[in-house]
Amino acid sequence: MTELKASGKALPRFEETEGLGPQDAEFVGDLVAVLEKHGNLDRFGLCLLHDHFPLGEDEVLVETNDPRSRTLQVHVEKAGETKHVKPSQWRFLRHEPDSPDTASRHGHYQVIQLCSPLDLCPGRER
């Protein structure tokens, strides 16, 4: 199984990652400024990229939830076979214009998690 890689190397396991801290203040300030400039401050945020298990290039995580029990569940599906249609998480990629993957990855990002409004994705009106 081929692992998805954003920078040419596999993502670290969760227990090996470091969350945001004081050393990231300038980075976060710059990111907030860019989001504000483009009117996206209330649309996008950050998540800690990590792997709990490898995903193949033809796989995607799918999120479902149950608002009554207040639970979220995530499972793996084949990207070409899923009926979940609304991307909810993306991974930034280095831009490689000559790469055959560029068209499928939209150039600078790759969809890594999907949700369907029919499956009660976050934000669905109740």
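Whatever comes next refers back to the structure up there.
Report on the accompanying structure. (Residues numbered from 1 in each chain as written. Predicted model: local features only at pLDDT ≥ 70, side-chain atom pairs only at ≥ 80, totals over all residues. Heavy atoms only, no water.)

**A word on the overall build of the protein**
Under the convention used in this document: Strands here are runs of E lasting at least two residues and helices are runs of H or I lasting at least four, both read from the DSSP assignment and numbered beginning at the N terminus. Exposure classes here rest on a 1.4 Å probe applied to the protein chains alone. A residue is buried below 20% of its type maximum, exposed above 50%, and partly exposed in between. Any two residues having at least one pair of non-hydrogen atoms within 4.5 Å are treated as being in contact. Residue exposure ignores everything except the shown protein chains as possible cover, and the areas themselves are Shrake-Rupley values with a 1.4 Å probe.
Along the backbone of the protein there are one helix and four strands. In sequence order, the protein lays out its α and β elements as α-β-β-β-β. Of all 126 residues assigned to the protein, the portion counted as buried reaches 25%. Here the contacts in the protein between residues at least 6 apart in sequence split such that 58% fall between residues at least 24 apart. Carbon and sulfur atoms form 53% of the exposed surface of the protein, whose accessible area is close to 9,500 Å².

**Examining the packing of aromatic side chains**
Where two aromatic rings form a pair, the distance of their centres and the angle of their planes describe that pair. Applicable threshold: Centres within 6.5 Å make a pair out of two Phe, Tyr or Trp rings, where for Trp the six-membered ring is used; the pair is then stacked when the planes are under 30 degrees apart, edge-to-face when over 60, and tilted otherwise.
Following the criterion strictly, the structure yields one aromatic pair and no others. Taken together, a centroid distance of 5.7 Å and an interplanar angle of 80° make the contact between phenylalanine 44 and tryptophan 90 edge-to-face. Taken together, the residues phenylalanine 44 in the loop between helix H1 (25-37) and strand S1 (59-66) and tryptophan 90 in strand S3 (residues 86-92) connect sequence positions 46 residues apart. You can call tryptophan 90 partly exposed: its relative accessible area is 34%.

**Some words on the layout of surface pockets**
Under the convention used in this document: Buriedness for pockets is judged along seven lines, at least five of which must meet protein on both sides within 12 Å for an open set on the 1 Å grid over protein atoms alone, while cavities are sets there where a 1.4 Å probe fits but cannot get out, and lining residues have an atom within 4 Å of a point. Grid points are joined across faces, edges and corners, and a volume is the space filled by probe spheres set on the points. We call Asp, Glu, Lys and Arg charged. Ala, Val, Leu, Ile, Met, Phe, Trp, Tyr, Cys and Pro are nonpolar, and the rest, Gly among them, are polar.
Here the largest pocket defines a volume of roughly 1,200 Å³. Around the largest pocket, the lining comprises 33 residues; the ones closest to its centre are Gly45, Leu46, Cys47, Leu49 and Phe92. The greatest single-element share of the lining of the largest pocket, amounting to five residues, is contributed by S3. Approximately 360 Å³ is the volume found for the second largest pocket. Around the second largest pocket, the lining comprises 16 residues; the ones closest to its centre are His50, His52, Leu61, Gln89 and Gln113. Elements with a minimum of two residues in the lining of the second largest pocket: S3 and strand S4 (109-115). Split into classes, the residues belonging to the lining of the second largest pocket amount to 10 nonpolar, four polar and two charged.

**Considering the sheet that holds S4**
Note the threshold: At least two bridges found by DSSP between two strands are what make those strands a pair. Axis geometry follows a simple rule: fit a line to the C-alpha atoms, using only the stretch in contact for helices, then measure angles between N-to-C directions, giving values from 0 to 180 degrees.
Read from one edge of the open sheet, four strands run S2-S1-S4-S3, paired in mixed fashion. Two strands in the sheet have a free side with no partner beyond their single neighbour: strand S2 (71-78) and S3. Looking at each pair of strands side by side, their axes are set apart by 30° on average, direction ignored.

**Some details on the side chain of glutamate 59**
Let me state the cut-off plainly: His is not counted, nor are the chain ends, whereas Lys and Arg count as positive and Asp and Glu as negative. By salt bridge we mean one thing: a side-chain nitrogen of Lys or Arg within 4 Å of a carboxyl oxygen of Asp or Glu. We call two N or O atoms a polar contact when they sit within 3.5 Å, provided that within protein one can donate a hydrogen and the other can accept it, with sequence-adjacent residues counted only if both atoms are side-chain atoms.
Topologically, glutamate 59 is positioned in strand S1. There is no salt bridge for the buried glutamate 59, and the closest opposite charge comes from lysine 78, which lies 4.1 Å off by N-O distance. A polar side-chain atom of glutamate 59 sits 2.7 Å from the main-chain amide nitrogen of glycine 56.

**A word on the environment of glutamate 15**
Assignment of secondary structure puts glutamate 15 in the segment before H1. Residue glutamate 15 is classed as exposed on the basis of its relative accessible area of 56%. Sequence spacing of glutamate 15 and histidine 50 is 35 residues, and the spatial spacing of their C-alpha atoms is 8.8 Å. At 3.0 Å, the side chain of glutamate 15 forms a polar contact with the side chain of arginine 13.

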